[in-house]
Amino acid sequence: MRVLITGGAGFIGSHLAQACLERGDEVYILDDLSTGSLDNIRPLQENPDLSGRLFFHHDTILNPDALLELVGICDVVFHMAAAVGVRYILENPLHSIRINIQGTDAVLAECARFKKRVLIASSSEVYGKHLHAPLTETDNIIYGPTSKFRWSYAASKLMDEFTALAYHRNRGLEVVTARLFNTVGPRQTGAYGMVIPRLVSQALANEPLTVYGDGSQTRTFTYVKDVVEALMGLVDHPEALGDIFNVGGTEEISIRDLAERIIRASGSSSEIRIIPYEDAFPADFEDMQRRVPDISKILALTGFVPRTDLDTILSEVIRVAREEMG
Ligand code: UDP
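Criteria and thresholds
- Residues numbered from 1 in each chain as written.
- Predicted model: local features only at pLDDT ≥ 70, side-chain atom pairs only at ≥ 80, totals over all residues.
- Heavy atoms only, no water.
- 1 Å grid on protein atoms, 1.4 Å probe; cavity = no way out; pocket = protein on both sides within 12 Å on 5 of 7 lines; lining within 4 Å.
- Points joined across faces, edges and corners; volume = space filled by probe spheres on them.
- Helix = DSSP H or I, 4+ residues; strand = E, 2+ residues; numbered from the N terminus.
- Near = heavy atom within 4 Å.
- Polar contact = N/O pair within 3.5 Å; in protein donor to acceptor, adjacent residues only side chain to side chain.
- Areas by Shrake-Rupley, 256 points an atom, 1.4 Å probe, with all protein chains shown as cover.
- Nonpolar A, V, L, I, M, F, W, Y, C, P; charged D, E, K, R; others polar.
- Pairing = 2+ DSSP bridges.
- Axes fitted to C-alpha atoms, helices over the stretch in contact; angles between N-to-C directions.
- Contact = heavy atoms within 4.5 Å.
- Expected span 1.5 Å × (residues − 1).
- Buried < 20%, exposed > 50% of the residue type's maximum accessible area, 1.4 Å probe, protein only.
- Core = buried A, V, L, I, M, F, W, Y, C linked by side-chain atoms within 4.5 Å.
- Lys, Arg positive; Asp, Glu negative; His and termini not counted.
- Salt bridge = Lys/Arg side-chain N within 4 Å of Asp/Glu carboxyl O.
- Right-handed = clockwise from strand over helix to strand, strands pointing away.
- Parallel < 35°, antiparallel > 145°, perpendicular 65-115°, else oblique.
- Left-handed = near helix turned anticlockwise from the far one by under 90°.

Participant: Help me understand the layout of surface pockets in this model?
Facilitator: A water-sized probe, rolled over the atoms, reveals where empty space remains. Volume-wise, the second largest pocket comes out at about 320 Å³. Contributing to the lining of the second largest pocket are 17 residues, with R187, Q188, V320, A321 and E324 lying nearest its centre. Only α2 (38-45), α7 (195-204) and α12 (310-325) provide two or more residues apiece to the lining of the second largest pocket. No other element matches the 5 residues that α12 contributes to the lining of the second largest pocket.

Here you go:
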């Protein structure tokens, strides 16, 4: 099978590319390297068993010619390209909105034109600031005001979901949407704010671990290889088309407890430094207090369950980060 992965040089996209190559697919990557990196796919390009089936195109999804060529020759599309990371979105709001809304529309339009099946990566951000758990796909959504720019990301991903559903309804597009809950694992960069790579590199450098707010906010982290398995299962399933699925882990943890676990798992002598939100972020930041998925819908359809617990995730991220430090 020929697979197109937009954002394939990104963190999740590169793991997905690897899994597709390993099952024998030809993989085409379209990536503008804005937040992705060639380092993520270099091991694939250097692997003689895989490199002959991997094709990298350095371009943006906003370029219609690139999409026209690649969607035309591929059998299935994973649309992973997006502006990612709370810090990146706050610093680049206009670019983030354009990439997420116009970019996704462009990808969906080409897929509809060529009648290609497509999966789009959405985010647990779309739920907004709920306090209850777990979150189910049919829950209402709650956003803050437009003066808080974080919600522009949630709103853009929400529009992506509506656009996908609209193409399905009006053009018969075979599209499935995955709402990803804090995907983590090796190769994730801390440069755009993500908590695990940041705290792990701080712990390995024996520097204070920066916990924002009071650290009581929780997340449910999901191992990237589990996410990849879920995405491949969804796109292959005819009954998933025209629908939306949570993809996430099951272990809710506060950021403060996470910091303590990282210190223990890495044998670090670091301490925890509590940093008020106003010192960590611009004034238009607002955090989410809690985010836990109900994954019964994807389980019932594809049998997906996240297999990697948080301790295993942390020891793997710490091991790879140590290797990279040399
Ligand atoms: N966070 C933190 N210290 C950091 C980076 C992030 O305490 O150095 C917090 C952040 O405020 C949030 C949680 O960790 O409450 C998860 O942040 P991340 O950016 O990884 O994901 P998201 O907020 O999108 O869930």
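Read on, since the account is not over.
Participant: Would you explain the site of the ligand in this entry?
Facilitator: Close to the ligand lie 17 residues; V195, R198, T210, R219 and D287 are nearest. Here N182 contributes a side-chain N or O atom positioned 2.9 Å from an oxygen atom of the ligand. Here R291 contributes a side-chain N or O atom positioned 2.8 Å from an oxygen atom of the ligand. Considering the ligand on its own, with 520 Å² of exposed area, one finds that the protein chains cover 94% of that surface. Taken together, the elements giving at least two residues each to the shell around the ligand come down to α7 and β8 (209-212). In terms of residues, the shell around the ligand owes the most to one element, β8, which gives 3 residues. Here the shell around the ligand is built from residues that sort into 7 nonpolar, 4 polar and 6 charged.

Participant: In this structure, what is going on with the sheet that holds strand β4 (residues 76-79)? I would like to understand it.
Facilitator: Sheets are built from strands that pair by backbone hydrogen bonding, the pairs being arranged parallel or antiparallel. Strand order in the open sheet formed by 7 strands is β3-β2-β1-β4-β5-β6-β11, with parallel pairing between adjacent strands. Here the strands that pair on one side only, and so sit at the sheet edges, are β3 (54-58) and β11 (243-247). Averaged over all neighbouring strand pairs, the angle between strand axes comes to 20°, with direction disregarded. On the sheet, helix α5 (residues 93-114) packs against β1 (2-6), β4, β5 (117-123) and β6 (175-180) and is oriented at approximately 170° with respect to β4. Strand contacts of helix α8 (residues 224-235): β4, β5, β6 and β11, with the helix running at about 160° to β6, the strand carrying the most contacts.

Participant: I keep staring at α5 and nothing clicks. Help me out?
Facilitator: Owing to its 3.6 residues per turn, the α-helix brings residues three or four apart onto one side. Under the 1.5 Å per step criterion, the end-to-end length of α5 is 31 Å for 22 residues, consistent within 8% with the ideal 32 Å. Among the residues of α5, those classed as buried are S96, I99, N100, G103, T104, V107, L108, E110, C111 and A112. Looking at the residues trailing α5, positive phi occurs at K115, about 55°.

Participant: I tried to follow the nonpolar core on my own but got confused; where do I start?
Facilitator: Considering soluble globular proteins, one finds that nonpolar side chains tend to be buried as a cluster. In terms of nonpolar packing, the biggest core is built from 37 residues, with F78, M80, L234 and V247 touching the most fellow members. Here this core gets 8 residues from one element, more than from any other, and that element is α8. In this structure V247 touches A178, R179, L180, F181, T222, V227, A230, L234, I298 and F304, once residues within four positions along its chain are discounted.

Participant: So what exactly am I meant to see when it comes to the side chain of E137 here?
Facilitator: Looking at the secondary structure, you find E137 in the loop between β5 and α6 (150-171). Among buried Asp, Glu, Lys and Arg side chains, E137 stands out as unpaired, with K297 the closest opposite charge at 5.2 Å. Other than its neighbours up to four places away in sequence, E137 contacts Y127, R179, I244, F245, N246, D294 and K297.

Participant: Please explain the pattern of salt bridges as it appears in this structure.
Facilitator: Any two side chains of opposite charge can pair, on the condition that their charged atoms come close. A full pass over the atoms with the stated rule returns 20 salt bridges. D39 is the partner of R42 in a salt bridge, and the nearest nitrogen-oxygen pair spans 2.5 Å. One end of the pair is R42 and the other is D39, both in helix α2 and 3 residues apart, which spans about a single turn. With a relative accessible area of 33%, R42 lands in the partly exposed category.

Participant: Could you clarify how one ought to interpret the side chain of T177 in this entry?
Facilitator: Tracing the chain through its elements places T177 in strand β6. Discounting chain neighbours no more than four positions away, the residues touching T177 are I120, S122, E161, A164, D243, I244 and F245.

Participant: I keep staring at the pairing of β3 and nothing clicks. Help me out?
Facilitator: For a regular strand, side chains alternate in direction, first toward one face of the sheet and then toward the other. Note that strand β2 (residues 26-31) and β3 share 5 bridges and pair parallel. Following the sheet pairing, D31 is matched in β3 by H58. Handedness of the crossover joining β2 and β3 through α2: right-handed.

Participant: Is there a simple way to think about the environment of L44 in this case?
Facilitator: Following the sequence through the fold, L44 ends up in helix α2. The class of L44 is buried, set by a relative accessible area of 4%. For L44 and E22, which are 22 residues apart along the polypeptide, the C-alpha to C-alpha distance reads 9.9 Å. When near neighbours in sequence (up to four residues on either side) are disregarded, L44 contacts S14, A17, Q18, L21, L50, S51 and L54.

Participant: Any chance you could explain the packing of helix α3 (residues 64-73) against α5 here in plain terms?
Facilitator: The N-to-C vectors of α3 and α5 enclose an angle of 45°; their axes lie 10 Å apart at closest approach. The orientation of α3 relative to α5 falls into the category oblique. Crossing handedness for the pair α3 and α5: right-handed. Of α5, the residues touching α3 (which contributes L67, L68, V71 and G72) are A106, V107, E110, C111, R113 and F114. Of the residues contributing to the contact of α3 with α5, the split by class is 7 nonpolar, 1 polar and 2 charged.

Remember that the coordinates give geometry; whether it matters functionally is a separate question.
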